[in-house]
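Next come the chains, spelled out residue by residue.
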Amino acid sequence: MKPKVAFFDFTSCEGCQLTVVDSLQTHLDLLEMVEIVQFREAMSERGDDYAVAFIEGSITRESDEARLKEIRARAAVLVALGACAHIGGVNAIKNLAPLHDVRKYVYGERAEWFATYATRPISAVVKVDAFIPGCPIDREEFIRVVNALLRGIKPPIPDYPMCVECKLKENVCLFDKGGDCLGAITRAGCGAICPTYGDGCEGCRGLIPNPNRDSMQSVLAARGLTPQDVMARMTLFGSYEISKT
Amino acid sequence: MSQNMHIDIHHVTRVEGHGNIVVNAKNGVLEECRLDIVETPRFFEALLRGRPYTEASHITSRICGICAVGHATASLRATENALGVAVSEQTRLLRDLIFFGEMLDSHVLHTYMLIAPDFFGVGSVIPLAQVAANAVLRALRVKKLAGDLCAVVGGRHTHPIAMTVGGFTHLPSVDEIKALRERLILARKDMDDTITLFKTLPWPRFKRETEYIALSKPNEYAFIDGAITSTDGGSWNISEYKTITNEHLVQHSSSKHTKHKRESYMVGALARFNVNYDLLHPKAKDAARELGMKPVCTNPYFNSAAQIVEMVHSVEGAITICDELIARGITPEKPYTFSGKGGAGVGACEVPRGTLYHNYEIGDNGRIINANCIIPTGQNLANIEADMRALVPQILDQGQEKVTLALEMLVRAYDPCISCSVHFLNVRFI
């Protein structure tokens, strides 16, 4: 019997689910291997019997916790899909300012109409069995993870820094071109796509295990970044992770 | 047939984000008819405050996975207008090219994967592949071309990398442009087949007059920059956008509503078609004729047909730009470096779902002081509800199942992007 798979989203742009749809362009055979029973963005069918649940989005209000826990109770395997679910993503930037200021700035005097609390990744609410990092996820990595899950083995997510992949691509280091980059402390797996397109790594895949953040910060400072600029680099995607270390 | 009806569609499917449709009719009288937007608020304007201006386009592209290029472009135009940055002709051409790619990508996703299943009476594109395999393969082929086009220019479609203030951090090669051009030429056949397919489908018949608003330019079908223009007459500079949008909060929607002179207005492919029809590529005008539409078209279900017209326009427009880039070659250019002087500015684009405004105030330290983003779906919410209120009494006697489907199809026709507007769709009949 084909494993039943479902997709769910919380606070996110749904770009990772769209990337899943895009990955099917070149891997239609994947649809032969699994049965998708729920994927609200793409289909009307809704099945509640599933073995694998992919979750996009971070958790930003209390009412979403019950829904996530229910999904956890049904799914044998729960996978965080993308940076919002994995590390909070850009949604966690809001945690840097007092919550009442943030709410008032957008909704004014009606702020209390719309519930919200500090952004958290889904692992802060339920047990997560596997994660696919990135903003958005990498198509090929998604395929590799699904492949591993189908064979019942641990998904091959790198735990070395992005710099390794950037060197393998033979890119000129952005620091040598007058730029800056978080590649030295960020988890690889994206093929160093941002430096390849001329932009420094923004850290969307989260920190590697045991990152040397102090050294990273002094390298950025030596490049001429102010402490505020260094903080901005570290918090674009890392606001939640940094608050926990 | 009972004249009492309670519809409560929780989390409408095949739309981007979370919304609910709520309808309540008693003795043939419509008592309640709402589109609840239940998406979690994301507070992007607040996120931007205090961030370096260079991050704005990267943060705001994360508003939407479908129209990330549109958000990045509107953001860059706002920043460039705030800082007084002029962009080169090459940058303008490359932005137009990636925009055509996004338009094609978004419209093919919507028409084939989100709308077409309703016409075939199936729940999604997966069973659709059983009954219309060639159509699904065509959609995947066009979508891949559109995504690859965006990747050549911006590094990737969902959250472009190389687009930056004043230009690009990476430029495509002429060979890459040539390869794209060849595939775009082949896509003409797919466009023809798309028209052949969709013109035979049973489009719902429903009309309601409303105001249509889109950006317009004198010599081109506007997607980036232009003047705000209304079918009710009038044209405004984009810096006056607030006099058009008049955002206000309603309790059942975490996305703000807007209104201009009437109770609501519509933005998106149909609005652009109605405002800028004369500037469509001749092949796109042919497509409109085949699909049986001409301006002013007041059937909101035809927003998806206008998207097909724009797909044809985008393929032809992209070919023209490729020709121009191949002829002039690609020149290395340096993007902008900060002058130390801040300012305020508005950027506006016609993204797939309608007019998008970004407005920033940037300090002399290069940090964003204030930000405002007005999203197409937010502008359409009041108009969708006005359509629902006009439509339901006309079809109330058809029974709950048909009314539910008609309302879901209506909401889908607008191609709402609820994460953008906050997040959105469920039909609830209570």
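Here, every reference points to the structure presented above.
Heads up: these notes are all about the structure in this document. (Residues numbered from 1 in each chain as written. Chains lettered and ligands numbered in written order. Predicted model: local features only at pLDDT ≥ 70, side-chain atom pairs only at ≥ 80, totals over all residues.)

As a further point, take the nonpolar core. Residues Ala53(A), Ile55(A), Val79(A) and Val309(B) are the most contacted members of the largest nonpolar core, which totals 203 residues. No fewer than three residues from each of domain 1 (4-150) and domain 2 (162-243) of chain A sit in this core. In contact with Ile55(A), not counting residues within four places along its chain, are Phe8(A), Phe10(A), Ile71(A), Leu78(A), Val79(A), Ala80(A), Leu81(A), Ala85(A) and Ile122(A). (Core = buried A, V, L, I, M, F, W, Y, C linked by C-beta atoms within 7 Å. Buried ≥ 20, exposed ≤ 12 C-beta atoms within 10 Å, placed from the backbone. Domains from an automatic or database assignment. Contact = placed C-beta atoms within 7 Å.)

Moving on: the environment of Thr245(B). Residue and element names in this part refer to chain B. With respect to the secondary-structure elements, Thr245 resides in helix α8 (residues 241-245). Thr245 sits 225 residues away from Asn20 along the chain, and the two C-alpha atoms are 24 Å apart. In contact with Thr245, other than residues within four places in its own chain, are Thr258, Ile374 and Gln379. (Helix = DSSP H or I, 4+ residues; strand = E, 2+ residues; numbered from the N terminus.)

Right, let's get into the sheet that holds strand β11 (residues 354-362) of chain B. Residue and element names in this part refer to chain B. An order of β10-β11-β12 is seen for the 3 strands of this open sheet, with the pairing classed as antiparallel. Lying at the two open borders of the sheet, with one neighbouring strand each, are β10 (343-351) and β12 (368-374). Adjacent strand axes in the sheet meet at a mean angle of 10° when their direction is disregarded. Across 9 bridges, β10 lies against β11 in antiparallel orientation. Considered in β11, the bridge of Cys349 is made with Leu356. Most of the contacts of helix α3 (residues 68-83) go to β10, to which it runs at about 150°, and overall it touches β10 and β11. (Pairing = 2+ DSSP bridges. Axes fitted to C-alpha atoms, helices over the stretch in contact; angles between N-to-C directions.)

Time to look at the sheet that holds strand β8 (residues 235-236) of chain B. Residues and elements named next belong to chain B. A sheet is described by the order of its strands in space; here 4 strands give the open sequence β8-β7-β6-β9, paired in mixed fashion. Looking at the sheet topology across the chains shown, the edges are occupied by β8 and β9 (265-266). In the packing of helix α9 (residues 269-276) onto the sheet, contacts are made with β6 (211-216), β7 (227-230) and β9, and the angle to β6 comes to roughly 75°.

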